[in-house]
Amino acid sequence: ASRARDTTKEDGKEKLLRKRVRERDIRKLVSNLPYEGLEKMKQPNRHFPGNAIKTTKYTLLFFIPMNLFEQFHRLANIYFLGLAILNFVPVVNAFQPEVALIPICVILALTALKDGWEDFRRYQSDRKLNNTPCFIYCRKEQQFVERRWKDVRVGDFVKVICNEIIPADLLLLHTSDPNGVCHIETANLDGETNLKQRRVVPDLTVENGSLTFSCCREKPDNVKVGIGIESLLLRGCTVRNTDHTVGFVVYAGHETKSMLNNNGPRYKRSKLERKLNTDVIFCIILLFAMCLVGALGHFSWLQELPSVPPYLVPDSHGHLDSPALSGFYMFFTMIILLQVLIPISLYVSIELVKIGQVFFITNDIDLYDEESDTPMQCRALNITEDLGQIQYIFSDKTGTLTENKMVFRRCTVMGTEYPHCENGKASSSGKTDPYLDFFLALAICNTVVVSTATVRRQRVSAPFTVTLDGEERWRTKVGSFRQTISSWRPMSNRSRTSSNCSVLEEDHFNSLAKTGNCGGRKSTGPQTQDTSPSLRYEAESPDEAALVHAAKAYGFTLLARTPGSVTVRLPCGEELVFEVLDTLAFDSHRKRMSVLVRHPVTSELVLYTKGADYAIMELLGTPYAEQLKGKQKRIAADTQRHLDCYAKEGLRTLCFTKKVLSERAYKDWSVSRQGALAAIDNREKLIMDTAGLLETNLTLLGNTRVRIEDRLQESVPDTIVALREAGIQVWVLTGDKPETAVNIGYACRLLDEGDLVINMSSKNKVRRMLIFNTSFTQQSFLSALSSRSKSKRINQFFFCSVTAHFTEVRRYGNDPTGLAPTISLVIDGRTLAMALESDLVDRFVDLARRCRSVLCCRVTPLQKSAVVKVIREKLKVMTLAVGDGANDVNMIQAADVGIGISGQEGMQAVMASDFAISRFKHLKKLLLVHGHWCYTRLANMIIYFFYKNAYVNLLFWYQFFCGFSGTAMIDYWLMIFFNLFFTSAPPIMFGIMDKDVSAETLLGLPELYRTGQGTGEYKFSTFWTAMLDAFYQSLVCFFIPYWVYEDSDIDVFTFGTPLNTVSLFTILLHLSIEIKTWTVVHWVIMLGSVAVYFIVTLAYSAICVTCNPPSNPYWILQSQMADPMFYLTCIITTVLALLPRYPQYSHIYTSKHDTFAKHITYKPRSTQNPANDDSMEKKWCGGPESPLVHWTQNS
């Protein structure tokens, strides 16, 4: 016993030590090689978990108890289990105790089978993954030996071959690449198929065969140097274009990043499900009321008896319960008898219906994109009906509404604008000039990974293409770079007017000379041929790929990229190898990236920087800053003018700059840079700060017009118009400039010509208040100025601005003539941040909900999700968010329904979404057709389930004729079969396949979608109408047979058989009236249910003589079917029971027909397509007819 206590104490200490080791901020690891072969307690890394994973929830031994425990978290299952147990109490049981267990056991068994199958599939996946082969270094054999993933431990050395998946989180120690680079594909983690580079950890210290790491590496002088993500290979990634790599295991199993991020499927509760729970509570209240009536009725009946009747049998002591106690017991007996009023099978039926709905959605050929071979994906199976209740859509712009296919169109170099034509190859001199630097920046300043097309990739990739602007092609690709520049025709300022600042597309390059030189040397050989193997550029973003391809089109070909160098071939064929001293990666705060290189010809230290225009211009000083003088000021001003015009055309613009550093400045900066890289705490912030120190006083080279075939996607305007007609508010949230976003807004018909556009911007607040706000009085202005706090003054200004805009919006909205123009709102990110503050958010929401369109520009990902949350919570509406990139993930997850588009920005949005589509136009059919169908089907099916289960009212009416004794006139087995088998399949079929309106009608009349918005078809009144209808039908189904067989000598079950048969016919014919579209499946299931009823009942009546003693159902249905009165009773009762449904159905049909006729004659107020209107661009370049200018002048 003492030894056992000591063992238990040691185990407790070991567990506590293991927990403390895992919770340490700094993890210290030791190689397992010196301890190979020793027992587990002597292993230094024994506290860390192994690499085997287990995602299953159950084990074979404990499956039943664990699954039952999980199922009984549902209150409905606990309720029915309690009733089944209650039926075992003799004083309150309503029928045989064993029979009461059948319904709950069937439901639990079906759910357990489903859960067991899903868990078995997870077990198979885990087993396959854990037994995947890998190579682990063995000290005894002095080589890598084949093992399984489950054998990998923290501290092992693992070798990964090309195209194999990494088994654990590894610290990269060695690669077959001489530059120490490993290329990986992270598609299994974030959906990105582009290659990423990882670098070997430099200067490892090896002492006595032991390698020591603590999230850093120790130099020989004991200085700890931090190691970042650039040296970490994550589990689940695939090694590409690298023969082999060797890594040190730092995290294994469930501690790896991929497993920590794997939280399993997200569960969302649909709006319909929340309403359903409320109605279940109403059913419980109704059930208790009926049971209370039964208990009081039984008490009154016993009280009125003159003497004790012989059928009341006393207990063994000859004692009879008092009427009050008997009434109390009868309350529980009635609960058992009428328990079917609560639909026990409803939840299982809903899951089956949703699975069927998902099947039809995913197999819709109209939602399949043939170009990308991408089908529709349903990643959340439990919110399909929410697609039919959407009221607000929040959409990204780039890649969601637009193609996001980057094509280099035009550029501005040194303040002069030039067009672009594909295949424009030019030779270059070795010395530098602004034009050469510009194209070198295009080729160098990026993170594009170069691979050859011959390298086998186990996936399909489509290379980027460069689209022609002009009609003519260069027939010769050889020429002098300076001749090329001189042959460019700059865009004339006279071609730009205040009414049209678009760039003329018909400008082309002139033909080049057929001969050229390179650095003064005449080039020899065929310079137009590219003798290098076909190159594939793996870019993390499409704009980087477009720039590299554009540089290649002009002869500046990116050949190779390593951590220490970049190789570029010039147009003359000469290859330059630039030494890369540092790369300042792009981040969302700086909005730019830089590459510091040493020029191979001049040996200068050159910093090339590219980024968003507003981020770069701030580093130059504004175009009107005093520190820019002379030529630089003119270049910046001209470039800014070009940027503004590009933005108004809906184009993405990037600025390129150059900075030459002295050796001393670089050395001084390098010290702080190395300190930031070596830091362990706040490493990311320190690295960002050092980047900001270098990116100052930049020299502007030019900017590019990288056209995002911002050209809209196909059918986007039609889709937005249809969604609006369906009563859905469409908001666009984008990070682009207001001019770009507004231009796209007009093109996609988010904004119309006649709209009054409110442009809310936080720049020049005081002047804007005085110009725009009619209600911004002098008193309020002086009051705001008197505020001591600057932020308070700004908030007061903004409050007055929102108040003025709100007043104007309300005035236009209350126009009795109905001729007032619709109002749209354009707001930038800075103003939006102020609007979302607690003291202003209510007025902003009130203002925005009165606008037909809202366009948010320059917003961050967090602001996108904040807007969605505010609208959802303040207005209590159903929201949908759609996006295609990683910056849309927060917005997608914040909405009630998140939709990801599998476009050019990777798969992060798809992986975080509930549904995934490939084109924005698919949203139209997904919502207007499938959303409408899913909601109406499920809503009607749930209402029908509540109606069907009111079948137990027959038992309630019978209690008035049996002294409220809890007796049933229908055999208990047939009662159970009635709900489980006879009437279960038709409503499921109804919920999966019914179509109240055809797809063509729903697409042609989007207004029909409005029936699901707000309260929708599943209303409080609809539920109670169905319950009252069920009560009426139960009265008819009970009393007509009662009057037919009154004063006859039939037994109880003979009376109950026509009741059961009539109820079946009434319930099925009621459903037949509700079904709008009949197919072969409908006929088979409906007729099959009737056939099953008669076959089972006839067999039961013939075989089961003593199944339910002391009753005897023998040959009852056979005798009834030989009596003509049985058929006459069934026909008359069924017709009378359904009689109120006929005029109601006729009224519904007539009203819908009128609605269709009304919408068919409906014509939109404006059918003009703004995308084809030439005056649209004039309005946003300062034209006097601009809606925004018109609003400003009137304000």
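Residues numbered from 1 in each chain as written. Predicted model: local features only at pLDDT ≥ 70, side-chain atom pairs only at ≥ 80, totals over all residues. Heavy atoms only, no water.

Naming follows an unreviewed UniProt entry, where the protein chain appears as Phospholipid-transporting ATPase of Myripristis murdjan. As recorded by UniProt, the Sequence similarities (unreviewed entry) comment attached to the protein chain reads in full: "Belongs to the cation transport ATPase (P-type) (TC 3.A.3) family. Type IV subfamily." Per UniProt, the comment on the protein chain under Cofactor (unreviewed entry) is "Mg(2+)". (UniProt positions renumbered as here; feature names shortened; annotations may be inferred.)

Enquirer: Outline the overall build of the protein chain, supporting the account with residue identities and numerical values.
Expert: The number of helices and strands found in the protein chain is 39 helices and 35 strands. Sorting the 1195 residues of the protein chain into buried and exposed places 53% on the buried side. Within the protein chain, residue pairs in contact and separated by at least 24 positions form 76% of the contacts whose partners lie at least 6 positions apart. Surface summary for the protein chain: the accessible area is close to 54,400 Å², and the carbon and sulfur share equals 57%. (Helix = DSSP H or I, 4+ residues; strand = E, 2+ residues; numbered from the N terminus. Buried < 20%, exposed > 50% of the residue type's maximum accessible area, 1.4 Å probe, protein only. Contact = heavy atoms within 4.5 Å. Areas by Shrake-Rupley, 256 points an atom, 1.4 Å probe, with all protein chains shown as cover.)

Enquirer: Describe the sheet that holds strand β4 (residues 157-161), listing the residues and the values that go with them.
Expert: Spatially, 6 strands are ordered β3-β2-β4-β13-β5-β11 in an open sheet, and the strand pairing comes out antiparallel. Two strands lie at the open edges of the sheet, namely β3 (143-148) and β11 (232-233), each paired on one side alone. In this structure, strand β5 (residues 169-175) lies alongside β11, joined through 2 bridges in antiparallel fashion. Directly across from Leu171, in β11, lies its bridge partner Leu232. (Pairing = 2+ DSSP bridges.)

Enquirer: Describe in detail helix α23 (residues 841-849), supporting the description with residues and values.
Expert: Those residues of α23 lying buried are Val841, Phe844, Val845, Leu847 and Ala848. End-on view of α23: buried residues confined to an arc of 165 degrees, all on one side of the axis. (Arc of directions from axis to C-beta.)

Enquirer: For the pairing of strand β22 (residues 557-562), give the residues involved together with the corresponding values.
Expert: Counting buried positions over the 6 residues of β22 gives 5, a clear majority of the element. Two strands pair when backbone bridges link them, and β22 and strand β23 (residues 565-569) are joined in this way by 5 bridges, in the antiparallel orientation. Directly across from Leu558, in β23, lies its bridge partner Val568. Where β22 hands over to β23, the hairpin turn is made up of 2 residues, counted between the paired strands.

Enquirer: Would you mind going over the nonpolar core in detail, with residue names and values included?
Expert: Formed by 96 residues in total, the largest nonpolar core has its most connected members in Leu338, Met941, Ile942, Phe946, Met969 and Tyr1018. Counting residues per element, this core draws most heavily on helix α27 (residues 922-949), at 10 residues. Excluding residues that lie within four positions of it along the chain, Phe946 makes contacts with Leu276, Asp279, Val280, Cys283, Pro343, Leu346, Tyr1018, Phe1023 and Met1027. Counting residues in hydrophobic clusters, the runner-up holds 46 residues, among them Ile361, Val730, Cys857 and Val882. (Core = buried A, V, L, I, M, F, W, Y, C linked by side-chain atoms within 4.5 Å.)

Enquirer: How would you sum up the pattern of salt bridges? Please name residues and give values.
Expert: What the rule picks out here adds up to 26 salt bridges. Salt-bridge contacts for Arg148 lead to Glu146; the nearest nitrogen and oxygen are separated by 3.5 Å. Residue class for Arg148 comes out partly exposed when judged on its relative accessible area of 30%. A residue is classified by how much of its surface remains accessible, and Glu146, at 46% relative accessible area, is partly exposed. Residue Glu579 pairs with Arg598 through a salt bridge whose shortest N-O separation is 3.6 Å. A residue pair is termed long-range when its members are at least 10 positions apart, and Glu579 in strand β24 (residues 575-584) and Arg598 in strand β25 (residues 592-598) qualify at 19 residues. Given a relative accessible area of 40%, Glu579 falls into the partly exposed group. Bridged by salt links that share partners, the residues Lys114, Asp115 and Glu351 form one connected network. (Salt bridge = Lys/Arg side-chain N within 4 Å of Asp/Glu carboxyl O.)

Enquirer: Mind laying out the confidence of the model for the protein chain, listing which residues take part and the relevant values?
Expert: Confidence in the prediction for the protein chain averages 76 pLDDT; 73% of positions are at 70 or higher. Of the regions scoring below 50 in pLDDT, residues 1155-1195 engages in 68 contacts with residues more than four places distant in sequence or in other chains. (pLDDT = per-residue confidence, 0-100.)

Enquirer: So what about a nonpolar patch on the surface? Which residues, and what values?
Expert: On the surface, a nonpolar cluster with roughly 850 Å² of combined accessible area is contributed by Tyr1032, Val1044, Met1125, Leu1128, Ile1131, Ile1132, Val1135, Leu1136, Leu1139 and Tyr1142. Taken together, the elements giving at least two residues each to the nonpolar patch come down to α32 (1020-1044) and α36 (1124-1138). In terms of residue count, α36 provides more of the nonpolar patch than any other element does, 6 residues in total. Of the residues examined, Ile1132 reaches a relative accessible area of 39% and is grouped as partly exposed. (Patch = residues over 30% accessible without salt bridge, like charges linked within 9 Å, V, L, I, M, F, W, Y side chains within 5 Å.)

Enquirer: Give me the lowdown on the sheet that holds strand β7 (residues 195-199), citing residues and values where you can.
Expert: Pairing in this open sheet of 3 strands is antiparallel, and the strands run β7-β6-β12 from one edge to the other. Every other strand in the sheet has two partners, leaving β7 and β12 (238-240) as the edge strands with one partner each. Adjacent strand axes in the sheet meet at a mean angle of 45 degrees when their direction is disregarded. Judged from the 3 bridges that link them, strand β6 (residues 181-185) and β12 form a sheet pairing that is antiparallel. (Axes fitted to C-alpha atoms, helices over the stretch in contact; angles between N-to-C directions.)

Enquirer: Describe the packing of helix α29 (residues 972-982) against helix α33 (residues 1052-1074), with residues and values.
Expert: Running from N to C, α29 and α33 point in directions that differ by 15 degrees, and their axes come no closer than 12 Å. Between α29 and α33, the angle falls in the class roughly parallel. Crossing of α29 against α33: the hand is right-handed. Contact residues: α29 offers Leu974, Phe978 and Phe982, while α33 offers Asn1060, Ser1063, Leu1064 and Ile1067. Of the residues assigned to the contact of α29 with α33, the class counts are 5 nonpolar, 2 polar and no charged. (Parallel < 35°, antiparallel > 145°, perpendicular 65-115°, else oblique. Left-handed = near helix turned anticlockwise from the far one by under 90°. Nonpolar A, V, L, I, M, F, W, Y, C, P; charged D, E, K, R; others polar.)

Enquirer: Now, about the environment of Leu974: what can you tell me, with residues and values included?
Expert: Looking at the element boundaries, Leu974 is found in helix α29. For the pair formed by Leu974 and Tyr1100, sequence separation is 126 residues and the distance between their alpha carbons is 8.7 Å.

Enquirer: Tell me what's going on with the packing of α32 against α33, and back it up with residues and numbers.
Expert: Pairs of packed helices are described in terms of their axes, by the angle between the two and the distance that separates them. Here α32 crosses α33 at 145 degrees, and the two axes come no closer than 10 Å. Two packed elements cross with a definite hand, and for α32 against α33 that hand is right-handed. Along its contact with α32, which presents Asp1029, Gln1033, Cys1037, Phe1038, Pro1041 and Tyr1042, the element α33 presents Phe1055, Leu1059, Val1062, Ser1063, Thr1066 and His1070.

Enquirer: Give a detailed account of the pairing of strand β31 (residues 823-828), specifying residues and quantitative values.
Expert: Burial runs high along β31: 6 of the 6 residues are buried. Going residue by residue along β31, you find Ile823, Leu825 and Ile827 tucked away on one face and Ser824, Val826 and Asp828 tucked away on the opposite face as well. Two elements, strand β30 (residues 756-760) and β31, share 5 bridges in a ladder whose sense is parallel. Across the sheet, residue Val757 finds its bridge partner in β31, namely Ser824. Bridge analysis of β31 against strand β32 (residues 853-857) gives 5 bridges, and the strand direction is parallel. Within the sheet, the bridge partner assigned to Leu825 lies in β32 and is Val854.

Enquirer: Residue-level account of the packing of aromatic side chains, with values.
Expert: Going through the model one piece at a time under the given rule, you end up with 50 aromatic pairs. Geometrically, the ring pair formed by Phe288 and Phe331 is edge-to-face, given 5.9 Å between the ring centres and 85 degrees between the ring planes. Here Phe288, found in helix α7 (residues 271-304), pairs with Phe331, found in helix α8 (residues 323-337); they are 43 residues apart in sequence, far enough to count as distant. Under the relative-accessibility criterion, Phe331 is labelled buried at 17%. (Phe/Tyr/Trp six-rings, centres within 6.5 Å; stacked < 30°, edge-to-face > 60°.)

Enquirer: Any details on the state of the cysteines? Residues and values, ideally.
Expert: Applying the stated criterion to the full structure yields 0 disulfides. Just so you know, Cys1037 is unpaired, no disulfide at all, and the nearest cysteine sulfur is the one on Cys1130, 9.7 Å from it. (Disulfide = S-S within 2.5 Å.)

Enquirer: Explain unusual backbone geometry residue by residue, including any values.
Expert: Here the phi dihedral of Gln142 falls at roughly 55 degrees; this positive angle occurs in a residue that is not glycine. Among the secondary structure elements, Gln142 is positioned in the loop between β2 (133-138) and β3. A positive phi angle is found at Ser603, which is not glycine, with a value near 60 degrees. Tracing the backbone shows Ser603 in the loop between β25 and β26 (605-612). Judged by its relative accessible area of 44%, Ser603 falls in the partly exposed class.

Enquirer: Describe the side chain of Lys271, and please don't skip the residues or the numbers.
Expert: As for its placement among the helices and strands, Lys271 is situated in helix α7. Those residues within four positions of Lys271 in sequence are excluded, and the remaining contacts are Asp386, Gln389, Met878 and Gly1014.

Enquirer: How would you summarise the side chain of His183 if you had to cite specific residues and measurements?
Expert: Mapping His183 onto the fold places it in strand β6. Sequence-distant contacts of His183, that is, excluding residues within four places in its chain, are made with Leu195, Lys196, Gln197, Thr238, Val239, Arg240, Asn241, Thr242 and Val449.

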